[in-house]
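Structural characterization, general
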Amino acid sequence: MQTCKLFGFDFISAAHVSEVVEDVMHVIPSSDMVQHIVTPNAYVLQELNKKGKASLLQFAQSAKWVLPDGMPIVWLSKLKYKHALKARLTGSDLFPVLWARIKQDHLAATFILPNTQLANLFCQEYPACNVCTPTFFDPTDEAYIKFLAQDVCQLLTAQNSQFLFVGLGDPKQSLIGIQVAQLYEKQHPGKPLVIAYLGASFEFYHGYKSRAPQWITQLGLEWLYRFYKEPKRLWKRYTVGNIRFLSLAFKELFKK
(Lines give C-alpha, C1' and ligand atoms only; values in the text may rest on other atoms or scores of the structure.)
Protein backbone atom coordinates (compact mmCIF):
# COMPACT_ATOMS: atom_id res chain seq x y z
CA MET A 1 0.00 0.00 0.00
CA GLN A 2 1.04 3.62 -0.54
CA THR A 3 2.55 5.14 2.60
CA CYS A 4 3.76 8.47 3.93
CA LYS A 5 6.74 8.74 6.32
CA LEU A 6 6.15 10.81 9.45
CA PHE A 7 7.67 10.52 12.95
CA GLY A 8 9.42 7.34 11.81
CA PHE A 9 6.09 5.67 10.91
CA ASP A 10 5.02 4.49 7.47
CA PHE A 11 1.46 5.78 7.64
CA ILE A 12 -0.95 4.21 5.16
CA SER A 13 -2.22 6.66 2.56
CA ALA A 14 -5.66 5.47 1.48
CA ALA A 15 -9.01 7.08 0.77
CA HIS A 16 -10.98 4.66 2.97
CA VAL A 17 -10.41 1.96 5.59
CA SER A 18 -11.91 -0.62 3.20
CA GLU A 19 -8.64 -0.49 1.26
CA VAL A 20 -6.75 -1.47 4.41
CA VAL A 21 -9.18 -4.32 5.10
CA GLU A 22 -8.69 -5.67 1.58
CA ASP A 23 -4.94 -5.61 2.06
CA VAL A 24 -5.19 -7.37 5.43
CA MET A 25 -7.38 -10.12 4.00
CA HIS A 26 -5.03 -10.49 1.03
CA VAL A 27 -1.93 -10.80 3.21
CA ILE A 28 -3.24 -13.36 5.74
CA PRO A 29 -3.35 -16.47 3.48
CA SER A 30 0.29 -16.06 2.44
CA SER A 31 1.64 -14.87 5.80
CA ASP A 32 3.73 -17.05 8.10
CA MET A 33 4.11 -14.69 11.05
CA VAL A 34 2.35 -12.37 13.50
CA GLN A 35 1.45 -9.01 11.95
CA HIS A 36 0.25 -5.89 13.75
CA ILE A 37 -2.25 -3.09 13.10
CA VAL A 38 -1.64 0.14 15.03
CA THR A 39 -3.51 3.44 14.90
CA PRO A 40 -1.34 6.25 16.32
CA ASN A 41 -2.93 9.63 16.93
CA ALA A 42 -1.37 12.86 18.21
CA TYR A 43 -1.61 11.79 21.85
CA VAL A 44 -0.08 8.36 21.25
CA LEU A 45 2.78 9.85 19.21
CA GLN A 46 3.82 12.25 21.96
CA GLU A 47 3.53 9.46 24.56
CA LEU A 48 5.74 7.13 22.52
CA ASN A 49 8.39 9.83 22.20
CA LYS A 50 8.83 10.21 25.95
CA LYS A 51 11.95 8.97 27.70
CA GLY A 52 11.86 5.27 28.52
CA LYS A 53 9.42 4.46 25.68
CA ALA A 54 12.01 3.63 22.99
CA SER A 55 11.07 -0.07 22.81
CA LEU A 56 7.36 0.68 22.49
CA LEU A 57 8.08 3.31 19.83
CA GLN A 58 10.20 0.86 17.85
CA PHE A 59 7.50 -1.79 18.11
CA ALA A 60 4.77 0.56 16.85
CA GLN A 61 6.96 1.82 13.99
CA SER A 62 7.57 -1.76 12.83
CA ALA A 63 3.86 -2.63 12.52
CA LYS A 64 2.66 -3.93 9.16
CA TRP A 65 -0.31 -1.54 9.00
CA VAL A 66 -0.04 1.95 10.54
CA LEU A 67 -3.21 4.04 10.28
CA PRO A 68 -3.11 7.87 10.65
CA ASP A 69 -5.75 8.11 13.39
CA GLY A 70 -5.74 11.89 13.75
CA MET A 71 -6.32 14.92 11.54
CA PRO A 72 -3.17 16.70 12.82
CA ILE A 73 -1.12 13.89 11.24
CA VAL A 74 -2.94 14.36 7.92
CA TRP A 75 -2.52 18.16 8.07
CA LEU A 76 1.19 17.80 8.79
CA SER A 77 1.60 15.50 5.79
CA LYS A 78 -0.02 18.16 3.58
CA LEU A 79 2.45 20.75 4.82
CA LYS A 80 5.46 18.53 4.34
CA TYR A 81 4.78 16.47 1.21
CA LYS A 82 3.42 16.99 -2.27
CA HIS A 83 1.82 13.54 -2.09
CA ALA A 84 0.20 13.79 1.33
CA LEU A 85 -1.97 11.36 3.24
CA LYS A 86 -5.30 10.94 1.49
CA ALA A 87 -7.47 10.72 4.59
CA ARG A 88 -7.65 10.14 8.31
CA LEU A 89 -8.04 6.40 8.96
CA THR A 90 -9.32 5.59 12.44
CA GLY A 91 -9.43 2.31 14.31
CA SER A 92 -13.07 2.99 15.09
CA ASP A 93 -13.85 3.17 11.36
CA LEU A 94 -11.64 0.20 10.51
CA PHE A 95 -13.10 -2.26 13.00
CA PRO A 96 -16.72 -2.49 11.75
CA VAL A 97 -15.52 -3.07 8.17
CA LEU A 98 -12.91 -5.64 9.16
CA TRP A 99 -15.29 -7.36 11.59
CA ALA A 100 -17.98 -7.66 8.92
CA ARG A 101 -15.46 -9.26 6.57
CA ILE A 102 -14.30 -11.72 9.24
CA LYS A 103 -17.88 -12.82 9.86
CA GLN A 104 -18.61 -13.00 6.15
CA ASP A 105 -15.60 -15.29 5.59
CA HIS A 106 -16.39 -17.37 8.72
CA LEU A 107 -13.02 -16.71 10.32
CA ALA A 108 -12.28 -16.99 14.04
CA ALA A 109 -11.20 -14.16 16.33
CA THR A 110 -10.15 -13.56 19.92
CA PHE A 111 -10.70 -10.35 21.89
CA ILE A 112 -9.09 -8.74 24.93
CA LEU A 113 -11.74 -6.40 26.33
CA PRO A 114 -12.15 -4.22 29.44
CA ASN A 115 -15.39 -5.75 30.80
CA THR A 116 -17.60 -8.83 30.65
CA GLN A 117 -20.65 -6.92 29.38
CA LEU A 118 -18.81 -6.02 26.19
CA ALA A 119 -17.41 -9.55 25.97
CA ASN A 120 -20.88 -11.08 26.16
CA LEU A 121 -22.16 -8.86 23.37
CA PHE A 122 -19.43 -10.01 20.99
CA CYS A 123 -19.89 -13.69 21.87
CA GLN A 124 -23.63 -13.40 21.31
CA GLU A 125 -23.10 -11.63 18.00
CA TYR A 126 -20.61 -14.14 16.60
CA PRO A 127 -20.05 -17.61 18.10
CA ALA A 128 -16.67 -18.07 16.37
CA CYS A 129 -14.92 -15.80 18.83
CA ASN A 130 -13.74 -15.97 22.41
CA VAL A 131 -12.82 -13.24 24.85
CA CYS A 132 -10.40 -12.46 27.65
CA THR A 133 -11.36 -9.77 30.20
CA PRO A 134 -8.33 -9.17 32.45
CA THR A 135 -8.61 -7.67 35.90
CA PHE A 136 -7.24 -4.17 36.44
CA PHE A 137 -3.45 -4.21 36.37
CA ASP A 138 -0.51 -1.85 36.38
CA PRO A 139 1.42 -1.62 33.09
CA THR A 140 4.65 -2.11 35.08
CA ASP A 141 3.45 -5.52 36.36
CA GLU A 142 5.53 -7.67 34.01
CA ALA A 143 4.64 -10.93 35.76
CA TYR A 144 0.90 -10.40 35.27
CA ILE A 145 1.36 -9.36 31.63
CA LYS A 146 3.29 -12.59 30.93
CA PHE A 147 0.59 -14.61 32.71
CA LEU A 148 -2.11 -12.84 30.70
CA ALA A 149 -0.23 -13.50 27.44
CA GLN A 150 -0.22 -17.24 28.23
CA ASP A 151 -3.99 -17.16 28.77
CA VAL A 152 -4.54 -15.30 25.52
CA CYS A 153 -2.38 -17.75 23.56
CA GLN A 154 -4.47 -20.61 24.93
CA LEU A 155 -7.63 -18.85 23.73
CA LEU A 156 -6.11 -18.24 20.30
CA THR A 157 -5.19 -21.91 20.01
CA ALA A 158 -8.54 -23.17 21.27
CA GLN A 159 -10.46 -21.01 18.78
CA ASN A 160 -7.88 -21.37 15.99
CA SER A 161 -8.08 -17.59 15.67
CA GLN A 162 -6.40 -15.64 12.91
CA PHE A 163 -7.21 -12.31 14.55
CA LEU A 164 -6.61 -10.87 18.01
CA PHE A 165 -8.35 -7.58 18.84
CA VAL A 166 -7.01 -5.67 21.84
CA GLY A 167 -9.04 -2.87 23.41
CA LEU A 168 -7.37 -1.79 26.65
CA GLY A 169 -5.69 1.48 25.67
CA ASP A 170 -1.97 2.22 25.57
CA PRO A 171 0.51 1.29 26.84
CA LYS A 172 -1.26 -1.76 28.26
CA GLN A 173 -2.52 -3.14 24.96
CA SER A 174 0.89 -2.79 23.31
CA LEU A 175 2.70 -4.46 26.21
CA ILE A 176 0.28 -7.39 26.10
CA GLY A 177 0.44 -7.65 22.32
CA ILE A 178 4.23 -7.80 22.30
CA GLN A 179 4.21 -10.66 24.83
CA VAL A 180 1.46 -12.53 22.97
CA ALA A 181 3.28 -12.20 19.64
CA GLN A 182 6.55 -13.54 21.06
CA LEU A 183 4.87 -16.46 22.82
CA TYR A 184 2.57 -17.31 19.90
CA GLU A 185 5.44 -17.41 17.39
CA LYS A 186 7.29 -19.85 19.66
CA GLN A 187 4.24 -22.06 20.09
CA HIS A 188 3.02 -21.87 16.47
CA PRO A 189 5.97 -21.08 14.18
CA GLY A 190 4.87 -20.19 10.68
CA LYS A 191 1.21 -19.70 11.64
CA PRO A 192 -0.36 -16.33 10.70
CA LEU A 193 -1.99 -14.02 13.22
CA VAL A 194 -3.09 -10.39 12.97
CA ILE A 195 -3.11 -8.37 16.20
CA ALA A 196 -5.10 -5.12 16.03
CA TYR A 197 -4.69 -2.51 18.78
CA LEU A 198 -7.93 -0.53 18.62
CA GLY A 199 -8.49 1.00 22.06
CA ALA A 200 -12.07 2.19 22.55
CA SER A 201 -13.24 1.07 19.09
CA PHE A 202 -15.17 -1.86 20.54
CA GLU A 203 -17.03 0.39 22.98
CA PHE A 204 -17.97 2.70 20.10
CA TYR A 205 -19.11 -0.31 18.06
CA HIS A 206 -21.60 -1.46 20.70
CA GLY A 207 -22.66 2.03 21.77
CA TYR A 208 -20.96 2.13 25.18
CA LYS A 209 -19.37 5.40 24.11
CA SER A 210 -20.62 7.89 21.52
CA ARG A 211 -18.49 9.26 18.69
CA ALA A 212 -18.53 12.86 17.59
CA PRO A 213 -20.97 13.93 14.86
CA GLN A 214 -19.58 13.67 11.35
CA TRP A 215 -19.22 17.43 10.86
CA ILE A 216 -17.04 17.67 13.98
CA THR A 217 -14.90 14.77 12.79
CA GLN A 218 -14.42 16.36 9.36
CA LEU A 219 -13.15 19.54 11.03
CA GLY A 220 -10.59 17.52 12.99
CA LEU A 221 -12.23 18.38 16.31
CA GLU A 222 -13.21 14.91 17.54
CA TRP A 223 -10.69 15.34 20.36
CA LEU A 224 -12.62 18.39 21.57
CA TYR A 225 -15.87 16.40 21.58
CA ARG A 226 -14.26 13.62 23.64
CA PHE A 227 -12.82 16.22 26.02
CA TYR A 228 -16.31 17.66 26.46
CA LYS A 229 -17.67 14.17 27.24
CA GLU A 230 -14.91 13.13 29.68
CA PRO A 231 -13.16 16.30 30.95
CA LYS A 232 -11.81 14.84 34.21
CA ARG A 233 -10.17 11.89 32.49
CA LEU A 234 -8.93 13.68 29.38
CA TRP A 235 -7.99 17.21 30.44
CA LYS A 236 -4.27 16.45 30.75
CA ARG A 237 -4.21 14.51 27.46
CA TYR A 238 -5.63 17.43 25.51
CA THR A 239 -3.68 20.24 27.20
CA VAL A 240 -0.17 19.06 28.06
CA GLY A 241 -0.34 16.28 25.45
CA ASN A 242 -1.32 18.66 22.65
CA ILE A 243 1.54 21.04 23.49
CA ARG A 244 4.01 18.16 23.37
CA PHE A 245 2.64 17.00 20.02
CA LEU A 246 2.94 20.50 18.54
CA SER A 247 6.61 20.51 19.52
CA LEU A 248 7.13 17.12 17.84
CA ALA A 249 5.21 18.24 14.74
CA PHE A 250 7.32 21.40 14.37
CA LYS A 251 10.52 19.35 14.45
CA GLU A 252 9.08 16.80 12.03
CA LEU A 253 7.99 19.47 9.57
CA PHE A 254 11.53 20.78 9.11
CA LYS A 255 13.26 17.40 9.27
CA LYS A 256 14.86 16.44 5.96
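Read on for a plain summary of the structure. Source: prediction; values computed, not measured.

Comments concerning the pairing of strand S3 (residues 34-38)
Burial of S3 is extensive: 5 of the 5 residues sit out of reach of the surface. The sheet contact formed by S3 and strand S8 (residues 193-197) spans 4 bridges and is parallel. Directly across from Val34, in S8, lies its bridge partner Leu193. Bridge count for S3 against strand S4 (residues 65-66) is 2 bridges, and the pairing is parallel. Note that in S4 the partner of Ile37 across the bridge is Trp65.

Looking at the packing of aromatic side chains
In the structure shown here, the tally under the stated rule is 23 aromatic pairs. Geometrically, the ring pair formed by Phe59 and Tyr197 is edge-to-face, given 5.7 Å between the ring centres and 80° between the ring planes. With Phe59 in helix H3 (residues 54-61) and Tyr197 in strand S8, this residue pair connects regions lying 138 residues apart in the sequence. Classification of Phe59 by relative accessible area gives buried; the value is 12%.

Thoughts on the state of the cysteines
The final tally for this structure, using the stated rule, is 0 disulfides. Cys132 takes part in no disulfide bond, and the closest cysteine sulfur, belonging to Cys153, lies 11 Å away. Cys153 gets classed as buried once you look at its relative accessible area, which sits at 1%.

Brief notes about unusual backbone geometry
Residue Pro171 follows Asp170 across a cis peptide bond; omega there is 10°. If you trace the backbone, Pro171 turns up in the loop between strand S7 (163-166) and helix H8 (172-187). Although it is not a glycine, Phe7 adopts a positive phi angle of roughly 55°. As for its placement among the helices and strands, Phe7 is situated in the loop between strand S1 (3-6) and strand S2 (9-12). A relative accessible area of 8% places Phe7 in the buried class. Backbone geometry places Asn160, a non-glycine residue, at a positive phi of 55°. Its place among the elements puts Asn160 in the loop between helix H7 (142-159) and S7.

Rules of the game
- Residues numbered from 1 in each chain as written.
- Predicted model: local features only at pLDDT ≥ 70, side-chain atom pairs only at ≥ 80, totals over all residues.
- Heavy atoms only, no water.
- Buried < 20%, exposed > 50% of the residue type's maximum accessible area, 1.4 Å probe, protein only.
- Helix = DSSP H or I, 4+ residues; strand = E, 2+ residues; numbered from the N terminus.
- Pairing = 2+ DSSP bridges.
- Phe/Tyr/Trp six-rings, centres within 6.5 Å; stacked < 30°, edge-to-face > 60°.
- Disulfide = S-S within 2.5 Å.

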